[in-house]
Amino acid sequence: MNMKRVNFGSSLALVCISLLLLFTPIAAAETETEQESVSTHAKASALIDVESGRILYSSHGDEPMLIASLTKIMTAIVAIENGDLSSKVKVGKNAFAKEGSSLFLKQGEEMTLENMLYGLMLRSGNDAATAIAEHVGGSEEGFVHLMNAKAEELGLAHTQFANPHGLDAKGHYSTANDLAELTAYALHNPVFKEIVKTQVKTADNPYDKWDYKWSNKNKMLRLYDGADGVKTGYTKKALRCLVSSATRGEQQLVAVTLNDGNDWNDHAALLDFGFNRFPLKTIIERGEQLKGYKLAAGLNFAYPFRQGEQEHVVTELVLNPKRVTKDGADKNFGLRGTLVLKLGGEPIGQVPVYEPGRLPPKKSPYMEKYASTSAYPADTWLQAAYSALRALFRIGAEGGVSHD
C-alpha cells in the first residue's frame, strides 16, 4: 500500500488487544464548520456527507423544531425495514380522508406497500402515512413506537415522534442535524434511495378507469444538477422544510433546512458549498499493502476533506492476537486487525487489514444486506461485526395541517 497519502509520522502505534475491539464502532470526527462560507434563510440547517456521515455545515443544528412532513423520511425507512413491500395495505377509517396533503385513497382500498411508499414520499400523502403505520405497526401508536425506537438506535438524541405523517403535535420534533443523519442512513437502503429520486410514478388503481400518477413535489430534482432526493414539508407552524440530496461522481450530500422561505436557492448553495469545499477523496484502496507490514487493506477508505486536512491524517494499527484451531487452522481467516484513521486526534474511520491474498470477496449476500458506511448502532452482534469491516464512521407544538 502506498501510504504516502496517509501521514503515519511518529504517531503509528502497534497495539495488541482482543478481537472484540475490532467490532467496536468508531465515532466520526465532527470538525468545525466554516460558518462564514455559506448562509441560508433557514432557522436551522445542516449539510452531511452520506458516505462518511460527516456533518459539513450546521447552523442551530441541534435545536429541536417542528419538521412537518420530513417526518415521512422515518416513516418510510421504518416501513421498508419492517414491512413486506409486496403486501397489500388496506385503507382504514383513520387513514381515509386524513387532513392535509392526501393521495385521496378510498376507505377499504388496497394497495401494495411499495406503491403506497411512493405516494407517501412523492405526494406526501397523510392518508398513506396512516395506512402504512397501521399496516406495519398494527396501529398508529405501535408504528410510532417503532419510529422512536429507530431514532434511539441511530442515536438521534434530539428527536421524538408522535405520529407518522408530521401534522404538528405535542412531543413531535427533530433537529437539522438529526434529520441529516437519519437521511444519510436511509439513503444506504436501495429501496428508499430509488423511491426518493423518482420524479413520476404510476400505480394501479383498480377502483377507477385511470391509474394513479404521482409527480414528485421536490422541485430540487428538476432545479439542481445531480439532485436525487429527498422530501418536502410544510405546516402553518413549521413553515417550509426541506431535505434534499445530490450526487456528483462518487459523492452524495444531504442538505436540511427548517423554517426557510427561500429553500430551493438555499439548498443549491449548501450543496455547492459541500461539493466545492469537502470533496470526497479515497486515500486507501482495497488490496494495497500496508507499508512496513505484510498486511493489506480490506476496503477502500474515502473521506470528505476540507483543503489541507488530508495531510494531517494519522493512523494507528490495532492488531488482533492470532487464533488457531487445534490442527493449526486460522480462526480469523486472514483478518489481522484494524487500521484506525484519525484527524485532529479524533477517529474518522477504520479499515480491516488482512494477510495478502486472503482478502474476503468484495460482495456477498451478507455484505449487501448490511452494507453501510455510517457507524450507527447495530441491532445484532453480526451487524456490529460487519460495521467494523465496512470502515464505519460515527460516524412540542399542537394543532395544524400539513399542506406540502
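Fair warning: this is a prediction, and the values are worked out from it, not measured in the lab.

Okay, the packing of aromatic side chains next. Scanning all chains against the criterion turns up 5 aromatic pairs. Between the aromatic rings of Tyr57 and Phe273, the centroid separation amounts to 6.2 Å while the plane-to-plane angle is 75 degrees, which identifies the pairing as edge-to-face. Of this pair, Tyr57 sits in strand 3 (residues 55–59) while Phe273 sits in helix 8 (residues 263–277), and the two are 216 residues apart along the sequence. Given a relative accessible area of 3%, Tyr57 falls into the buried group. Of the residues examined, Phe273 reaches a relative accessible area of 5% and is grouped as buried. Pairing Phe301 with Tyr303 gives two aromatic rings, centres 6.3 Å apart and planes at 10 degrees, and the pair type is stacked.

It is worth spelling out the pairing of strand 15 (residues 335–343) at this point. Extensive coverage of strand 15 is indicated by the burial of 8 of its 9 residues. With 6 bridges connecting them, strand 14 (residues 314–319) and strand 15 associate as antiparallel partners. Paired with Leu317 across the strands is Leu339, a residue of strand 15. Pairing between strand 15 and strand 16 (residues 346–354): 8 bridges, direction antiparallel. By the bridge assignment for strand 16, Leu339 is matched with Val351.

Glancing now at the confidence of the model for the protein. Here the protein shows a mean pLDDT of 84. Residues at 70 or above account for 81%. Note that pLDDT drops below 50 for residues 365–400; the model gives that stretch 107 contacts with residues more than four away or on any other chain.

For the rest of this paragraph, the subject is the pattern of salt bridges. In total, this model carries 11 salt bridges according to the counting rule given. For Lys150, the salt bridge identified is with Glu81, shortest N-O distance 2.8 Å. Of this pair, Lys150 sits in helix 4 (residues 140–153) while Glu81 sits in helix 1 (residues 71–82), and the two are 69 residues apart along the sequence. On the accessibility criterion, Glu81 (34% relative accessible area) is partly exposed. For Glu153, the salt bridge is made with Lys150, and the minimal N-O distance between the two is 3.2 Å. One end of the pair, Glu153, and the other, Lys150, are both in helix 4, 3 residues apart, so they sit about a helical turn from each other. Like Glu153, the residue Lys150 is buried in the burial classification. One network of salt bridges, in which partners are shared, links Arg54, Arg306 and Glu309.

Glancing now at the packing of helix 3 (residues 126–137) against helix 4. Helix 4 packs onto helix 3 with a crossing angle of 85 degrees between their chain directions and a minimal axis gap of 7 Å. Here helix 3 lies roughly perpendicular to helix 4, going by the angle between them. In contact with Thr130, Ala133, Glu134, Val136 and Gly137 of helix 3, helix 4 contributes Glu140, Gly142, Phe143 and Leu146. Among the residues making up the contact of helix 3 with helix 4, the classes are represented as 4 nonpolar, 3 polar and 2 charged.

Okay, the sheet that holds strand 2 (residues 44–49) next. On the basis of which strands lie adjacent, the open sheet formed by 5 strands has the order 3-2-10-9-8 and antiparallel pairing. Either end of the sheet is taken by a strand with one partner, and the two such strands are strand 3 and strand 8 (227–233). On average, each strand axis in the sheet is tilted by 5 degrees relative to the strand beside it, whichever way the strands run. Here strand 8 runs beside strand 9 (residues 241–248); their pairing, made up of 6 bridges, is antiparallel. Residue pairing in the sheet places Lys231 in a bridge with Val243 of strand 9. This element, helix 6 (residues 190–197), spans strand 8 and strand 10 (251–258) of the sheet and lies at about 80 degrees to strand 8.

So, on to helix 5 (residues 176–186). Among the 11 residues in helix 5, 11 count as buried, and that is most of the element. Buried residues of helix 5: Ala176, Asn177, Asp178, Leu179, Ala180, Glu181, Leu182, Thr183, Ala184, Tyr185 and Ala186, and no others.

The rules behind each value
- Residues numbered from 1 in each chain as written.
- Predicted model: local features only at pLDDT ≥ 70, side-chain atom pairs only at ≥ 80, totals over all residues.
- Heavy atoms only, no water.
- Phe/Tyr/Trp six-rings, centres within 6.5 Å; stacked < 30°, edge-to-face > 60°.
- Helix = DSSP H or I, 4+ residues; strand = E, 2+ residues; numbered from the N terminus.
- Buried < 20%, exposed > 50% of the residue type's maximum accessible area, 1.4 Å probe, protein only.
- Pairing = 2+ DSSP bridges.
- pLDDT = per-residue confidence, 0-100.
- Contact = heavy atoms within 4.5 Å.
- Salt bridge = Lys/Arg side-chain N within 4 Å of Asp/Glu carboxyl O.
- Axes fitted to C-alpha atoms, helices over the stretch in contact; angles between N-to-C directions.
- Parallel < 35°, antiparallel > 145°, perpendicular 65-115°, else oblique.
- Nonpolar A, V, L, I, M, F, W, Y, C, P; charged D, E, K, R; others polar.

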